[in-house]
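Residues per chain are reported as follows:
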Amino acid sequence: MSLCSHVHPISETILLLTRSLDRGGAERQLVALAKGLTHRGHAVAVAVFFGGGVYEAELSRAGVRVLNLGKQGRWDVWPFLNRLVRLLRKEHPAVMHSYLGVPNILATALKPLLPGTRIIWGVRASNVDLSRYDWLSRQAYALERHLARFADLIIANSYAGKRHAVASGFPESKIVVIPNGIDTEYFRFDPEGRRQVRSAWGLGEDEILVGLVARLDPMKGHPTFLEAASRIARERHDVRFVCVGDGPVAYAEALKQQAEALGLTKQLTWAGTRDNMPAVYSALDLSSSSSSFGEGFSNTIAEAMACGVPCVVTDVGDAKRIVGDAGYVVAPGSPAALAAAWQEALDMGDAERASRSRRARERVIEHFSLERLIEETALVLETTVKT
């Protein structure tokens, strides 16, 4: 029986609070949730610090109000807070569901101004190595830890994220885990998309493509991916590699210099950000995640699996739980282990490859569907409002 058969739409507004609606895993999940809750009769609005994000039009088409707070930059503090307070007093939502650190902090800090509003946090990472980020990020996380006990509920999108939050001092009794949801009607194998993308990247029919879909960020482990790729490239000339995603210019340049030093220039494509992701995943023969820390629930792993692509992943966050017996799991930070797993996957026979491809998609449909995300979240929101 559907969980939502017991859920009645909340009569007052559910306000989702986030920094922006630019491309990203958390943003994509927020959009899917907002649309799903709206479809089920809830009154949903999304408040963003920074307007102009790529997903705003999609929300508007779905009947979700997007409220732009017009933040002008990091140091636009007091005018921004004044606009946020005015907005919250006007909307007086039944639930304010914040996504990630600073929105979580602000939602709780402003709670005294919103009697009756339930504050629900979204926690979407685990074991973040804060030494790799700036002082403001470290201070924000310290404040988030301190304020966590004042949230009415905390939704983690991974079991790894819950463990890390509890170890950091978040109240375990307030944390529930709702894994991300994947739209398996959208993310599915696209044969024509595969042909077009591979042609655009100059791949021959007999060439094998191993890909990493991830923003250029230290937590994603691109150096490990590149070193593993160089090990395979020295032995096999029929294998090509692609990195899909953008990031800071200086970090991107450092990665490209590493790739050049490893001799990968001819076998590696830097594809940047792409819009038609089912086509991108379908173009891959093997999808890899090389993250070294910080992951909670990796959307890219589950999306690739939904497209029937075998995955080789590092054991970070909930990656092992996501792939189950449909993929390969190795220790993080080991190019040798990653390359060995790739080689094992590349050596699969056609029957085993077809079996893993089928199991990968079936696993996502069974455990990580978009419908499940929306149903479980709707139930949690209604229960929290009633308590």
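Residues numbered from 1 in each chain as written. Predicted model: local features only at pLDDT ≥ 70, side-chain atom pairs only at ≥ 80, totals over all residues. Heavy atoms only, no water.

Enquirer: Provide a residue-level description of the packing of helix H11 (residues 299-306) against helix H14 (residues 350-367), including the pertinent values.
Expert: Where H11 contacts H14, the axes come no closer than 7 Å and their chain directions differ by 120 degrees. Considered as vectors, H11 and H14 are oriented oblique to each other. Considering the relative orientation of H11 and H14, their crossing is left-handed. Seen from H11, the contacting residues are Ala302, Met305 and Ala306; seen from H14, they are Ala360, Arg361, Arg363 and Val364. The residue inventory of the contact of H11 with H14, partitioned by class, reads 5 nonpolar, no polar and 2 charged. (Axes fitted to C-alpha atoms, helices over the stretch in contact; angles between N-to-C directions. Helix = DSSP H or I, 4+ residues; strand = E, 2+ residues; numbered from the N terminus. Parallel < 35°, antiparallel > 145°, perpendicular 65-115°, else oblique. Left-handed = near helix turned anticlockwise from the far one by under 90°. Contact = heavy atoms within 4.5 Å. Nonpolar A, V, L, I, M, F, W, Y, C, P; charged D, E, K, R; others polar.)

Enquirer: Describe the packing of helix H1 (residues 25-39) against helix H15 (residues 370-386), listing the residues and the values that go with them.
Expert: Interaxial distance between H1 and H15 falls to 10 Å at its minimum, and their mutual angle equals 70 degrees. Taken together, the axis directions place H1 and H15 in an arrangement best described as roughly perpendicular. The handedness of the crossing between H1 and H15 is right-handed. On the side of H1, the interface is formed by Gln29, Ala32, Leu33, Gly36 and Leu37, while H15 contributes Leu370, Leu373, Ile374, Thr377, Ala378 and Leu381. Looking at the contact of H1 with H15, its residues break down into 8 nonpolar, 3 polar and no charged.

Enquirer: For helix H6 (residues 159-167), give the residues involved together with the corresponding values.
Expert: Of the positions making up H6, those classed as buried are Ala160, Gly161 and Ala165. Mapping the buried residues of H6 onto a view down its axis gives an arc of 130 degrees, with all of them on the same face. Of the exposed residues in H6, those oriented more than 90 degrees away from the buried face are Arg163 and Ala167. Buried residues in H6 make contact with strand S7 (175-177). (Buried < 20%, exposed > 50% of the residue type's maximum accessible area, 1.4 Å probe, protein only. Arc of directions from axis to C-beta.)

Enquirer: I'd like a rundown of helix H9 (residues 249-261), residues and numbers included.
Expert: Given 3.6 residues per helical turn, the α-helix brings residues three or four places apart onto the same face. Given a rise of 1.5 Å per residue, 13 residues ought to cover 18 Å, and the 18 Å separating the end C-alpha atoms of H9 matches this to within 8%. Buried residues in H9 make contact with helix H8 (222-235) and strand S10 (268-272). (Expected span 1.5 Å × (residues − 1).)

Enquirer: Quick rundown of the environment of Ser168? Include the residues and the values.
Expert: Positionally, Ser168 belongs in the loop between H6 and S7. Look past the residues within four positions of Ser168 in its chain and what remains in contact with it is Tyr141 and Arg145. For Ser168, the side chain forms a polar contact with the main-chain oxygen of His164, separated by 2.9 Å. (Polar contact = N/O pair within 3.5 Å; in protein donor to acceptor, adjacent residues only side chain to side chain.)

Enquirer: I'd like to hear about the nonpolar core, residue by residue, with values.
Expert: Core analysis: the biggest nonpolar cluster contains 33 residues, and Trp201, Tyr281, Ile301 and Met305 have the highest contact counts within it. The residues contacting Ile301, other than those within four sequence positions of it, are Ser289, Cys311, Val313, Ala319, Ile322 and Val323. (Core = buried A, V, L, I, M, F, W, Y, C linked by side-chain atoms within 4.5 Å.)

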